[in-house]
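Coordinate inspection notes
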Amino acid sequence: MNKVVVVNGPNLGRLGVREPEVYGSQDLAALTEDCTRWGRDLGLDVRVCQSDDEAEVIGWMHRAVDEHTSVVMNPAAFTHYSYGLADAAHMVTDAGLPLIEVHISNPSSRDSFRKHSVISPVATSTITGLGFFGYRLALEAVAHLLDA
Ligand code: DQA
């Protein structure tokens, strides 16, 4: 079964509590359950993780390359400034693996610092503004790309 890691960056462990009007009322456990179920339906072996630590998130990119694992990633605030994570994400797509960037909100319609993503240029695709459903679309995209 094809492996996919769903990586969530800083403060996404606070889903459900943090700005529910922006990110919704469901928590990370619900997102984990959704992604695992969607993955199973698509024939994907999905692992969901979250960290506030940039080094740990970068380490998951290295592991994805080494273990030939596709990536769905919400880089959260790292999106806007982490060149270290952008370089690590680039290694994933350079290895021929899909990496779909997901945002629950539509960052372009929010604060000006959110308008720029350092991850988008190296991602296979970016999905924004669709809530948790964006992760489902991202998993479908991975399944489609791996099939093609
Ligand atoms: C986010 C958008 C980012 O700007 C923000 O820093 C987040 C979440 C989103 O899912 O909409 O933490 O990535």
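Summary of the structure given here.

About the thresholds
- Residues numbered from 1 in each chain as written.
- Predicted model: local features only at pLDDT ≥ 70, side-chain atom pairs only at ≥ 80, totals over all residues.
- Heavy atoms only, no water.
- Core = buried A, V, L, I, M, F, W, Y, C linked by side-chain atoms within 4.5 Å.
- Buried < 20%, exposed > 50% of the residue type's maximum accessible area, 1.4 Å probe, protein only.
- Helix = DSSP H or I, 4+ residues; strand = E, 2+ residues; numbered from the N terminus.
- Contact = heavy atoms within 4.5 Å.
- Lys, Arg positive; Asp, Glu negative; His and termini not counted.
- Salt bridge = Lys/Arg side-chain N within 4 Å of Asp/Glu carboxyl O.
- Polar contact = N/O pair within 3.5 Å; in protein donor to acceptor, adjacent residues only side chain to side chain.
- Near = heavy atom within 4 Å.
- Areas by Shrake-Rupley, 256 points an atom, 1.4 Å probe, with all protein chains shown as cover.
- Nonpolar A, V, L, I, M, F, W, Y, C, P; charged D, E, K, R; others polar.
- Phe/Tyr/Trp six-rings, centres within 6.5 Å; stacked < 30°, edge-to-face > 60°.
- Pairing = 2+ DSSP bridges.
- Axes fitted to C-alpha atoms, helices over the stretch in contact; angles between N-to-C directions.
- Expected span 1.5 Å × (residues − 1).
- Arc of directions from axis to C-beta.

1. Some details on the nonpolar core
In terms of nonpolar packing, the biggest core is built from 24 residues, with V6, C35, V46, V72, Y135 and L139 touching the most fellow members. Counting only elements with at least two residues in this core, the list comes to β1 (2–8), α2 (28–42), β2 (44–50), β4 (99–103) and α5 (133–147). No other element matches the five residues that α5 contributes to this core. Once residues within four sequence positions are removed from consideration, L139 is found in contact with V4, V6, C35, W38, G39, L42, L44, V46 and V72. One finds C49, A64, V71 and A123 within the second-largest nonpolar core, a separate group that totals 22 residues.

2. Focus on the side chain of R110
As for its placement among the helices and strands, R110 is situated in the loop between β4 and β5 (125–128). Among buried charged residues, R110 stands out as having no salt bridge; its nearest opposite-charge side chain is E19, 4.1 Å away. For R110, the side chain forms a polar contact with the side chain of Y23, separated by 2.9 Å. Sequence-distant contacts of R110, that is, excluding residues within four places in its chain, are made with E19, V22, Y23, S105 and K115.

3. Structural notes on the site of the ligand
In the vicinity of the ligand, the contacting residues are R18, Y23, N74, A76, A77, H80, H103, I104, S105 and R114. At 2.8 Å from an oxygen atom of the ligand is found a side-chain nitrogen or oxygen belonging to H103. Coverage of the ligand by the protein amounts to 99% of the 320 Å² it exposes when considered alone. Residues of the shell around the ligand, tallied by class, amount to four nonpolar, four polar and two charged.

4. Here we look at the packing of aromatic side chains
Enumeration over the complete set of coordinates arrives at two aromatic pairs. Judged by centre distance (6.1 Å) and plane angle (80°), the ring pair of F78 and Y81 falls under edge-to-face. Its relative accessible area of 3% is what places F78 among the buried residues. By relative accessible area, which is 47% here, Y81 ends up partly exposed.

5. Side note on the sheet that holds strand β3 (residues 70–74)
In space, the five strands of this open sheet follow the order β2-β1-β3-β4-β5, with parallel pairing throughout. Strands with a single pairing partner mark the edges of an open sheet, and in this sheet they are β2 and β5. Looking at each pair of strands side by side, their axes are set apart by 20° on average, direction ignored. As defined by bridge partners, β1 adjoins β2 across seven bridges and the pair is classed as parallel. Residue pairing for β2: N2 is matched across the bridge by L44.

6. Side note on the pattern of salt bridges
Evaluated as defined, the whole model comprises four salt bridges. For D111, the salt bridge goes to R114, with nearest N and O atoms at 2.6 Å. On the basis of relative accessible area, R114 is assigned to the buried category, the value being 16%. The salt bridge partner of R136 is E140, with a shortest N-O separation of 3.1 Å. Of this pair, R136 and E140 both sit in helix α5, four residues apart, which is roughly one turn of that helix. On the basis of relative accessibility, which here comes to 32%, the residue E140 falls in the partly exposed class.

7. Some points on α2
In this model, α2 (15 residues) spans 21 Å end to end at C-alpha, consistent with the 21 Å of a helix rising 1.5 Å per residue. Taken residue by residue, α2 has L28, A30, L31, D34, C35, W38 and G39 as its buried positions. Buried residues of α2, seen end-on, are gathered within an arc of 160° and therefore sit on one face of the element. Within α2, the exposed residues directed more than 90 degrees away from the buried face are E33, R40 and D41. Looking at the buried positions of α2, the neighbouring elements they touch are β1, β2 and α5. Immediately beyond the C-terminal end of α2, within one or two residues, lies G43, with a positive phi of roughly 75°.

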